[in-house]
Amino acid sequence: MTQFKTILVTGGAGYIGSHCVVDLLEAGYDVVAIDNFANAVEDEEGSPALQRAEEITGKPITFYKADLLDKPQINDIFDKHNVDCVIHFAALKAVGESMQQPLLYYQNNLLGMLNLLEIMRSHNCYQMVFSSSCTVYGEPEHLPITETHPTGSITNVYGRTKYFIEEMLKDLSAADDKWNIISLRYFNPVGAHPSGLIGEDPTKEFTNLMPFMAQVALGKKPVLTVFGSDYNTPDGTGIRDYIHVMDLARGHVAALSLLSSSHIKLRVYNLGTGRGVSVKELVSVFERVTKTKIPLKYEARRLGDITAMWADATLAKNELGWTTRHSVEEMCTDFWRWQTMNPNGYPKKIKKSVIVINGKS
Ligand code: NAD
Ligand code: UD1
C-alpha cells in the first residue's frame, strides 16, 4: 500500500467537510474540495468556509464549484488531479425535506454516489471514506449501539439514502476486490473549530438542537421547544450521543491511515463518544458555559424521533486507534464562540440585483 497524498473531499464547503479539511491539511494531505453550494454559503471567491480553513492552516485548498450530478464536470476534476482517496460528505440531509421531496433526495444522494463511484473506478481510484449516520440503526434494540446492530428499519427518506448506499457499498466490495472503503456512522456532530472562524452555517433552515439553542441564546429565536418530556429516560427528554466536530474530523484522518496501510475491503465504524446526554442536560451545560438563559417550551414528541441513542465506539478505538477528546462543555463553548464571532454566519454573496436608492439599499 502507498501513502495517500491527494484527497478529494466532496461537500467540502459544508459543516463537517470544512472542519475535516482543516485536519487533512494539518495532517499534510493535499486537498481538492468540491461543493455545489446546495447547503453552504458562497461568496465572490468561492467558499468562505474553505478560505477560512486556508487561513487557519496557512495551506492552500484547490476548490471547484461542482455538482456530483454533473458527471462530465466531476470526470474533468478527476482527469486534472491524481486522487488517492475520496472522502464523500456531499449529500442533502434535512429529514423533513426528504419526506416532502423523496425524489430529490434519492436523486442527489444515490445518483450522486453512483456517479462518483463510476468515475472513481474509471480513474483507478478505489479508496473511499463515506459519511454515514447512526440513523441507519432506526429505533435501537440495545444500547450502546454496536456496528453489528441491525440496520434498515428507518422512518425517514434521508436515513434510507444512507442505508441504501451502505447496501450498495456491500455489493460493490463483494463484486470487486479492488475497493477499499470505510463507512463512518456519525452520531450527533456539534461544536465548531476552536478558532471560532469556521462553524455550522447551512443555507437551508436548520432544526437540530444545538444550532437552534444558540439562535435562542443570541435572541434571534424567542424560545427553545423541547420535543417530548415523557420519554422513558431519567429526566423524560430524548438522549443522544453528541460528538465534537473536531473529534469527528480526526476520525476521518484515522480512517485514511487505515485505508492507506491495509486492504480492508469494506469496514463500518461508529463515531461517537459512547455517552448519552439528554436535551435538558445539554441545555443546562450550554447555559452554564455560555452564561445565557434559554427559555424552554415543552411540546409533544417530534414525529419520527427516537428515545435514546448512544454509540459503542470500541471498534473505532481498536481498529482506527481513535477516541474522542472533547467534552460536552467544549462542544458548547466552541459552538458559542463561532456563533458570537459570526452572529450572521459567513459573509454572504452580495446580490447584484439590489437596487440602491439615495445611497441606501
Ligand atoms: P452539510 O449540508 O453542511 O454539507 C454537505 C455539503 O454537500 C453541502 O455543502 C452541500 O452544498 C454539498 N452537496 C450536497 N449535494 C451535493 C452535490 N450533488 N454535489 C456537490 N455538493 C453537494 O452537511 P454536514 O452536516 O456537513 O454533513 C456532511 C455529511 O455527513 C452528509 O453526508 C450528512 O448526511 C452526513 N451526516 C451528517 C450529520 C450531521 O448531524 N451533521 C450526521 C450524520 C451524517
Ligand atoms: C436528527 C435527524 C437524524 C440525523 C441527525 C444528525 C430528525 C428526526 N433526525 O437527529 O436523521 O441523523 O439529526 O444530523 O431530524 N430537540 C428538541 N428541540 C429542538 C430540536 C431538537 O427538543 O428544537 C431534541 C430532539 O427531540 C432530540 C434531540 O433534541 O431528542 C436532538 O435532536 P437533533 O439535533 O434534531 O438530532 P436527532 O433527532 O438525533
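Below is a short write-up of the structure. (Residues numbered from 1 in each chain as written. Chains lettered and ligands numbered in written order. Predicted model: local features only at pLDDT ≥ 70, side-chain atom pairs only at ≥ 80, totals over all residues. Heavy atoms only, no water.)

This next bit is on the side chain of H19. Mapped onto the elements of the fold, H19 is located in helix α1 (residues 15-26). At 2.7 Å, the side chain of H19 forms a polar contact with the backbone oxygen of Y15. Excluding residues within four positions of it along the chain, H19 makes contact with A192, H193, I198, G199, V245, M246 and A249. (Helix = DSSP H or I, 4+ residues; strand = E, 2+ residues; numbered from the N terminus. Polar contact = N/O pair within 3.5 Å; in protein donor to acceptor, adjacent residues only side chain to side chain. Contact = heavy atoms within 4.5 Å.)

A few words now on the pattern of salt bridges. Under the criterion given, the structure shown has 19 salt bridges. With its nearest N and O atoms 2.8 Å apart, the salt bridge here joins D30 to K5. Residue D30 is found in strand β2 (residues 30-35), and its partner K5 is found in the segment before β1 (6-10); the two are separated by 25 residues along the sequence. Residue classification places K5 among the exposed residues on the basis of a relative accessible area of 53%. The shortest N-O distance in the salt bridge between E319 and R267 comes to 2.6 Å. (Salt bridge = Lys/Arg side-chain N within 4 Å of Asp/Glu carboxyl O. Buried < 20%, exposed > 50% of the residue type's maximum accessible area, 1.4 Å probe, protein only.)

So, about the layout of surface pockets. Reported here for the second largest pocket is a volume of approximately 270 Å³. Of all the secondary structure elements, the ones that give two or more residues to the lining of the second largest pocket are α7 (209-217) and α11 (328-341). (1 Å grid on protein atoms, 1.4 Å probe; cavity = no way out; pocket = protein on both sides within 12 Å on 5 of 7 lines; lining within 4 Å. Points joined across faces, edges and corners; volume = space filled by probe spheres on them.)

What follows concerns the sheet that holds strand β6 (residues 180-186). The parallel open sheet is built from 7 strands, whose spatial order is β3-β2-β1-β4-β5-β6-β11. Looking at strand neighbours, the two that pair on one side only are β3 (62-65) and β11 (266-271), the edges of this open sheet. The mean angle between the axes of side-by-side strands here comes to 20 degrees, regardless of whether they run parallel or antiparallel. In this sheet, β2 lies alongside β1 in parallel orientation, the contact comprising 5 bridges. Its bridge partner lying in β2, L8 is registered against V32. (Pairing = 2+ DSSP bridges. Axes fitted to C-alpha atoms, helices over the stretch in contact; angles between N-to-C directions.)

The next point concerns empty space enclosed by the protein. All told, the structure shown has 1 cavity of 30 Å³ or more when counted by the stated rule. Space inside the largest cavity adds up to approximately 30 Å³. If you go around the largest cavity, the residues you meet are H88, A90, A91, N109, F130, K162 and I165. Looking at side-chain class alone, the lining of the largest cavity contains 4 nonpolar, 2 polar and 1 charged residues. (Nonpolar A, V, L, I, M, F, W, Y, C, P; charged D, E, K, R; others polar.)

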